[in-house]
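# Secondary and tertiary structure notes
Chain by chain, the residues run as shown.
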Amino acid sequence: MSQLPSLEQATIDAVLGHASRATLPFQRANRPGPYATAFWFNELVASDGDDETVRQYLVTAAEQTRMELAEVTIRPELCDPAPSAEKLLMTSFAEGWTHLDGLGVAVMPTGGLHTYADRKGWRWRTDEITDGIAARAEDIASITAEPVTAYVLAHDVGAEGERDQAVVVGALARAADGTIRWSTELPQGCVGAPVFFGLRLEGDSFKLVCAGVALPTDDHGFGHHPVATFDRIRAALGTAVAPGERRRWWRRRS
């Protein structure tokens, strides 16, 4: 088997090292599809020296949230201690998401998930996509029409319906209309997942960047899947949640 180029392997290792516990597979309960992946994200609200306040939520592709009863697979490594149940049924699922206008992205406050875990006697032990990894405008500007190797961290659908985590290797490029796109069609279950790339710095070093969210396929431009980038997601978050709703968001201080 041929060896992966050093940057490619190092980026895969970095993705798994920073985000292997950031993803959650979900699907419609009691009947097939749609299947998708969501991930935990910490929005930096305020920073005062070493003290940071973040607001935490799940992020995924908005189109995949349009179901009333969803089944979320609870991976044991995301919980302390591991819960007895492997599935979480979420009623009124579609109503729990806030859609970011024009981006094809939806976010869900994680307060309910933390409350559920507390009631069951365990705590979430997750990785989150953080402010330091989520792409900024200058990171997205570095993506041109020339494809750059990229990675989707997601849960595909196995032959028996299992939702194992996988790193899907592909590429990102900027289409003629300016949108950022994934190069190939993703396996079933991978829509909504985070997309990463390694931004090369001086020497052999690189910066791990989460470009954004893999969206469902369309018929425009390079590749199949547009990617909603984090520079635009950040800009939309400030007005996405009305002030009266902010008490639902789970906050923590570092």
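Along each chain, numbering runs from 1 in the same order as the chain's sequence is written. Local features are withheld for residues below a pLDDT of 70 in this predicted model, meaning they are given only at 70 or higher, and side-chain atom pairs are given and counted only at 80 or more; totals for whole chains, interfaces and linings count all residues. Heavy atoms throughout the structure, all of them, feed into the side-chain values; hydrogens and water do not.

## Quick look at the overall build of the protein
- The way it works is that DSSP assigns letters per residue, a run of H or I at least four long becomes a helix, a run of E at least two long becomes a strand, and they are numbered from the N terminus. Of regular secondary structure, the protein possesses four helices and 16 strands.
- Counting over 254 residues, the protein shows a buried share of 49%.
- Using a 1.4 Å probe, the Shrake-Rupley method yields the accessible areas, and only the shown protein chains count as cover for residues. Per element, the accessible surface of the protein, about 12,200 Å² overall, is 49% carbon and sulfur. To sort residues, take the accessible area from a 1.4 Å probe on protein chains only and compare it with the maximum for the residue type: under 20% means buried, over 50% means exposed, and anything in between is partly exposed.

## Thoughts on the environment of P147
- Here P147 is to be found in the loop between helix 3 (137-141) and strand 10 (148-155).
- Its relative accessible area of 43% is what places P147 among the partly exposed residues.
- Placed 23 residues apart in sequence, P147 and G170 show a C-alpha to C-alpha distance of 9.1 Å.

## Quick word on helix 1 (residues 6-19)
- Given the number of residues in a helix, its expected span is that number minus one, multiplied by 1.5 Å. With 14 residues, helix 1 should reach 20 Å at 1.5 Å per residue; the first-to-last C-alpha distance of 20 Å fits that figure.
- Within the sequence span of helix 1, burial applies to E8, T11, I12, A14, V15 and A19. On an axial view of helix 1, the arc spanned by its buried residues comes to 165°, and they lie on one face. Structural note: helix 1 exposes S6 and G17 on the side pointing more than 90 degrees away from its buried face. By arc we mean the arc of the directions from the helix axis to the C-beta atoms, nothing more.

## Concerning the pairing of strand 4 (residues 69-73)
- By the criterion of burial, strand 4 is predominantly enclosed, with four of the five residues buried.
- When strand 4 meets strand 6 (residues 87-91), the two strands line up antiparallel, connected through five bridges. What sits directly across from L69, in strand 6, is T91. Between any two strands, at least two bridges found by DSSP are needed for them to pair.

## Brief notes about the packing of aromatic side chains
- Pairing of aromatic rings covers Phe, Tyr and Trp, the last counted by its six-membered ring, and requires centre-to-centre distances within 6.5 Å; plane angles under 30 degrees mean stacked, over 60 mean edge-to-face, and any other angle means tilted. One pass over the full model with this rule turns up nine aromatic pairs.
- Note on F39 and F230: the rings are 6.3 Å apart at their centroids and 75° apart in plane angle, and the pair reads as edge-to-face. Residue F39 is located in strand 2 (residues 35-48), and its partner F230 is located in helix 4 (residues 230-240); the two are separated by 191 residues in the primary sequence. Like F230, F39 is buried.
- The interplanar angle of 75° and the centroid separation of 4.9 Å between the aromatic rings of W122 and W124 together place this pair among those described as edge-to-face.
- Residue W124 is classed as buried on the basis of its relative accessible area, which comes to 12%.

## Section: the layout of surface pockets
- Space inside the largest pocket adds up to approximately 320 Å³.
- Space inside and on the surface of the protein is sampled on a 1 Å grid over the protein atoms alone, with a cavity defined as a set of points where a 1.4 Å probe fits but cannot get out and a pocket as an open set with protein on both sides within 12 Å along at least 5 of 7 lines; lining residues have an atom within 4 Å of a point. In this structure, the largest pocket is lined by 15 residues; those nearest its centre are M90, T91, M108, G112 and L113.
- Mapped onto the lining of the largest pocket, the elements with two or more residues apiece are strand 6, strand 8 (105-109) and helix 2 (111-120).
- Here the lining of the largest pocket takes five residues from helix 2, the largest share from any one element.
- Polar here means any residue outside two lists: the nonpolar Ala, Val, Leu, Ile, Met, Phe, Trp, Tyr, Cys and Pro, and the charged Asp, Glu, Lys and Arg; Gly therefore counts as polar. Class assignment of the residues belonging to the lining of the largest pocket gives a composition of eight nonpolar, five polar and two charged.
- Lining the second largest pocket are 13 residues, with T179, I180, V227, A228 and R232 sitting closest to its centre.
- With four residues, the top contributor of residues to the lining of the second largest pocket is strand 15 (residues 225-229).
- Class assignment of the residues belonging to the lining of the second largest pocket gives a composition of seven nonpolar, four polar and two charged. Grid points are joined across faces, edges and corners, and a volume is the space filled by probe spheres set on the points.

## Structural notes on the sheet that holds strand 10
- What the six strands build is a closed barrel, ordered 10-11-12-15-14-13; its pairing is antiparallel. Across the sheet, the mean angle from the axis of one strand to that of its neighbour is 40°, orientation sign disregarded.
- Both strand 10 and strand 11 (residues 165-174) contribute to a ladder of eight bridges, which runs antiparallel. Looking at the pairing, V152 lines up with V168 of strand 11. Axis geometry follows a simple rule: fit a line to the C-alpha atoms, using only the stretch in contact for helices, then measure angles between N-to-C directions, giving values from 0 to 180 degrees.

## Considering the environment of T229
- Relative to the helices and strands, T229 is located in strand 15.
- Residue T229 is classed as buried on the basis of its relative accessible area of 5%.
- It is 9.1 Å that separates the C-alpha atoms of T229 and V195, two residues lying 34 residues apart in sequence.
- Any pair of residues with heavy atoms lying within 4.5 Å of one another is described as a contacting pair. Beyond its immediate sequence surroundings of up to four residues, T229 is in contact with I140, I180, A211 and G212.
- Within the structure, the side chain of T229 is placed 2.5 Å from the side chain of D231, a separation counted as a polar contact. Whenever two N or O atoms come within 3.5 Å, that pair is a polar contact, provided that in protein one can donate a hydrogen and the other can accept it, and provided that, for residues adjacent in sequence, both atoms are side-chain atoms.

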